[in-house]
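Each chain, letter by letter, is given below.
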Amino acid sequence: LYKKLDYPALIQMSVGWLFSFICIFGPFEVKAMALFVWQVFALPTIILYALFLVGYGAYRRLPDAWYLIGGVIFLAIAAVHDAVVAILALPTPPAARYAFALLLFGLVALLANRFARVHTEAERAKDKLETLVRERTARLHDTLEEVQRAKAQTDRILATVQEGQFLLQKETDGQADTIHFRIGPQYSRELEKILETDHPGGADFEMLIGPCVSVETRASLHKYLDLLITGQVNPEMLNKLNPLREA
């Protein structure tokens, strides 16, 4: 709607420039006629248009719209007073110029108040954002502490377990189209003794276990590990199919 309202404003501005040009360069009779037309027709039209704008702002519940409506009505009364004085040639001083000056002063005050209000809202939004960031940071810190405590507890358990326990991760090599089964980062310390290697985390399990088993066991081990990762066979059957039981 505001884009559509720009056209009436441009028309009124063009009419104002035209009347100003006539009043500056035209003869006296034309100037008098132009001022009469301006006071009777153009100025009331501008006031009505301004009332429409501020009325629409009041309809949209803008906070300063009612103050603007009061100022425009005050200016309209002063303009009607001056038009009546000009038509009837009454010995009354003009009032529109003073009303217009008061309207401008009110607009400046409204703009200053709006700037202060926007600044206050921005400060509130900033404080709210900082509070939210602090709360999120505190939650993340608490979560990190919980994860660290859980990891430390898991590490203590794995350090005391007397069996070679570890997590197995399945990785696919897209270029060679091969599948690797790698030892996860968490494993028991006993696994290092069983595999006779330090820090087996991330290593290919089949490569590490290969020298310790036969060729037939290595062939069936790959299929067994794939079934173990996918979970398509129940644990009891997997335990029977485990090729490392007899290795």
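Computed from a predicted structure; not experimentally measured.

Asks: Can you help me understand the confidence of the model for the chain in this one?
Replies: Averaged over all residues, the pLDDT of the chain equals 78, while 91% of them reach at least 70. Averaged over each element, pLDDT in the chain is lowest for helix α1 (residues 2–25) (72) and highest for helix α4 (residues 96–160) (84).

Asks: Can you help me understand the environment of K128 in this one?
Replies: Here K128 shows up in helix α4. Through-space distance from the C-alpha of K128 to that of Y49 is 40 Å; in sequence the pair is 79 residues apart.

Asks: What exactly am I supposed to notice about the packing of aromatic side chains here?
Replies: One pair of aromatic rings is described through two measures. These are the centre distance and the angle between the planes. Tallying each qualifying case throughout the model produces 2 aromatic pairs. Seen in terms of ring centroids, F21 and F25 are 4.8 Å apart; in terms of plane orientation they differ by 45 degrees. Their pairing is tilted. Of this pair, F21 and F25 both sit in helix α1, 4 residues apart, which is roughly one turn of that helix. Considering the side-chain rings of F166 and F205, the 5.2 Å spacing of their centres and the 35 degrees angle between planes classify their relative orientation as tilted. Of this pair, F166 sits in strand β1 (residues 166–173) while F205 sits in helix α6 (residues 205–209), and the two are 39 residues apart along the sequence. The exposure class assigned to F166 is partly exposed, which follows from its relative accessible area of 27%.

Asks: Sorry, what's going on with the nonpolar core here?
Replies: Soluble globular proteins: nonpolar side chains tend toward being buried together. By size, the foremost hydrophobic cluster in this structure holds 13 residues, and its most contacted members are I183, F205, I209, L221 and L225. Elements with a contribution of two residues or more to this core: β2 (178–187), α5 (189–195), α6 and α7 (215–230). For I209, the contacting residues outside a window of four places in its chain are L195, L221 and L244. Counting 5 residues, the second largest nonpolar core, distinct from the first, contains L75, A78, A96 and A99.

What counts, and where the lines are drawn
- Residues numbered from 1 in each chain as written.
- Predicted model: local features only at pLDDT ≥ 70, side-chain atom pairs only at ≥ 80, totals over all residues.
- Heavy atoms only, no water.
- pLDDT = per-residue confidence, 0-100.
- Helix = DSSP H or I, 4+ residues; strand = E, 2+ residues; numbered from the N terminus.
- Phe/Tyr/Trp six-rings, centres within 6.5 Å; stacked < 30°, edge-to-face > 60°.
- Buried < 20%, exposed > 50% of the residue type's maximum accessible area, 1.4 Å probe, protein only.
- Core = buried A, V, L, I, M, F, W, Y, C linked by side-chain atoms within 4.5 Å.
- Contact = heavy atoms within 4.5 Å.

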